[in-house]
Amino acid sequence: MHELTRFSLQRRHILAASAAAAVTATTGAAWAQAPGRVLRVGHQKGWLSILKARGTLEKRLTPLGVKVTWTEFNAGPVQLEALNVGSIDFGDVGEAPPIFAQAAGAPLVYAGATVPRPGLEAVVVPKGSPIRSVADLKGKRVAYNKGSNVQYFLVKLLEKNGLKYSDVQSIFLAPPDARAAFERGAVDAWIIWDPFLAAAQKQLDARLLVDATGVVNNRAYYFTSRDFATKNTDVLRIAIEEVNAIDTWISKNKDAAATELSAVLGLDKSITDLYLSRARFGTAPVTREILAEQQAIADTFFELKLIPKKLNLLHAAPVDLL
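What this report covers is the structure whose coordinates are included nearby.

Reading the values: rules and limits
- Residues numbered from 1 in each chain as written.
- Predicted model: local features only at pLDDT ≥ 70, side-chain atom pairs only at ≥ 80, totals over all residues.
- Heavy atoms only, no water.
- Helix = DSSP H or I, 4+ residues; strand = E, 2+ residues; numbered from the N terminus.
- Contact = heavy atoms within 4.5 Å.
- Areas by Shrake-Rupley, 256 points an atom, 1.4 Å probe, with all protein chains shown as cover.
- Axes fitted to C-alpha atoms, helices over the stretch in contact; angles between N-to-C directions.
- Parallel < 35°, antiparallel > 145°, perpendicular 65-115°, else oblique.
- Nonpolar A, V, L, I, M, F, W, Y, C, P; charged D, E, K, R; others polar.
- Pairing = 2+ DSSP bridges.
- Right-handed = clockwise from strand over helix to strand, strands pointing away.
- Phe/Tyr/Trp six-rings, centres within 6.5 Å; stacked < 30°, edge-to-face > 60°.
- Buried < 20%, exposed > 50% of the residue type's maximum accessible area, 1.4 Å probe, protein only.
- Salt bridge = Lys/Arg side-chain N within 4 Å of Asp/Glu carboxyl O.

**Side note on the overall build of the protein**
Next up, step 1: Scanning the protein from terminus to terminus reveals 12 helices and 13 strands.
Next up, step 2: In the protein, the share of contacts with a sequence separation of at least 24, taken over all contacts with a separation of at least 6, comes to 78%.
Next up, step 3: When the accessible surface of the protein is split by element, carbon and sulfur atoms take 53% of a total near 14500 Å².

**Concerning the packing of helix 9 (residues 233–252) against helix 10 (residues 254–265)**
Next up, step 1: Here helix 9 crosses helix 10 at 115°, and the two axes come no closer than 5 Å. Between helix 9 and helix 10, the crossing angle belongs to the class labelled roughly perpendicular. Contacts between helix 9 and helix 10 involve W249, I250, S251 and K252 from the first element and K254, A256, A257 and E260 from the second.
Next up, step 2: Considering only residue class, the contact of helix 9 with helix 10 consists of 4 nonpolar, 1 polar and 3 charged.

**What to know about the pairing of strand 9 (residues 169–172)**
Next up, step 1: With 4 bridges joining them, strand 8 (residues 141–144) and strand 9 adopt parallel strand pairing. In the strand pairing of strand 9, Y144 is matched with F172.
Next up, step 2: In this region the chain leaves strand 8, passes through helix 5 (residues 149–160) and returns to the parallel neighbour strand 9; the handedness of that crossover is right-handed.

**Regarding the packing of aromatic side chains**
Next up, step 1: Within this structure, the stated rule accounts for 8 aromatic pairs.
Next up, step 2: Measuring from ring centre to ring centre gives 5.9 Å for W47 and Y275, while their planes differ by 25°; the resulting arrangement is stacked. Linking W47 in helix 1 (residues 47–54) with Y275 in helix 11 (residues 269–277), this pair joins segments that are 228 residues apart in sequence.
Next up, step 3: Looking at W47, the relative accessible area reads 11%, which means it is buried.

**Comments concerning the pattern of salt bridges**
Next up, step 1: Inspection of the entire model under this criterion finds 18 salt bridges.
Next up, step 2: For the salt bridge of E72 with K45, the shortest nitrogen-to-oxygen distance reads 3.0 Å. With E72 in strand 4 (residues 66–72) and K45 in the loop between strand 3 (37–43) and helix 1, the pair connects residues that are 27 residues apart, well separated along the chain.
Next up, step 3: Residues E241 and R60 are paired through a salt bridge, measuring 2.8 Å at the closest nitrogen-oxygen approach. Taken together, the positions of E241 in helix 9 and R60 in helix 2 (residues 56–61) put the pair 181 residues apart, joining distant regions of the chain.
Next up, step 4: Its relative accessible area of 33% is what places E241 among the partly exposed residues.
Next up, step 5: Relative accessible area serves as the criterion here: at 32%, R60 is assigned to the partly exposed category.
Next up, step 6: A cluster of three or more residues bridged by salt bridges with shared partners is formed by R60, R237, E241 and E242.

**Regarding helix 1**
Because an α-helix completes one turn every 3.6 residues, residues spaced three or four positions apart along the sequence face the same direction.
Next up, step 1: Looking at helix 1, one finds that the buried residues are W47, L48, S49, I50 and L51.
Next up, step 2: In the stretch just after helix 1, G55 is the one whose phi turns positive, near 75°.

Here's what the structure looks like:
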């Protein structure tokens, strides 16, 4: 997500972090002290980058004897691979990747979720396109990332407007390839999320046909592993509180946040201004109602044969779910 035209989903090497046990002595006898706890955060360029820069998570966790380490990744699925092999304990991701991870047997647990953010994903068409409504998409070439949140958005958008998924020509392309196809007129519409969406509007003069408002919620999620969640509920609670604190700061300081985010993402501030203007802010623990939203996505992906089996999202529920 650093440069929109060069965004890549190639896997990075995953480096595991380890904590060393400290040994201390008391008067008359030596005893082994248990290793201090470590929260290994995996993150993409974005909200967590701002949290890292603030250092507030470390300030909250140091009194508990918890060290924080940070590893940057270029995509949510790679973070989930790192979780699966035990290299990180906490990360951020969109709606779809954790469903594929759970289907593949990853021991993930949902730790937190943002408020709904439907304005951050949309269908765009070229400025002079004759497409004026969702109905006009019938038979058209629609580009989007397969197995992503926008694929679910498309299914539900067509359904809401009396169309079937098969009524459009799906062109599966990752964001940089989809942008290139959109620019040269090889596709009729593109379904994409921010900040790619804002960049298409600002740089390509793309026209927003419809966003996800009233169709899907488009939350972002924070995840952990079952083992870490079982042993560190206090650490995860603080992590989600600090993420929410960043959300609150951004909501009250959008201009400053847009400046900081533009530097993090390597984008013009006009793009991050537009992005933040339609964002919604707030992060909290995951509830049964939120898991039900994910269950609907998982069921849809199973029906589309994108995952090999039906999932029970309660198997990825927080350990302290009420």
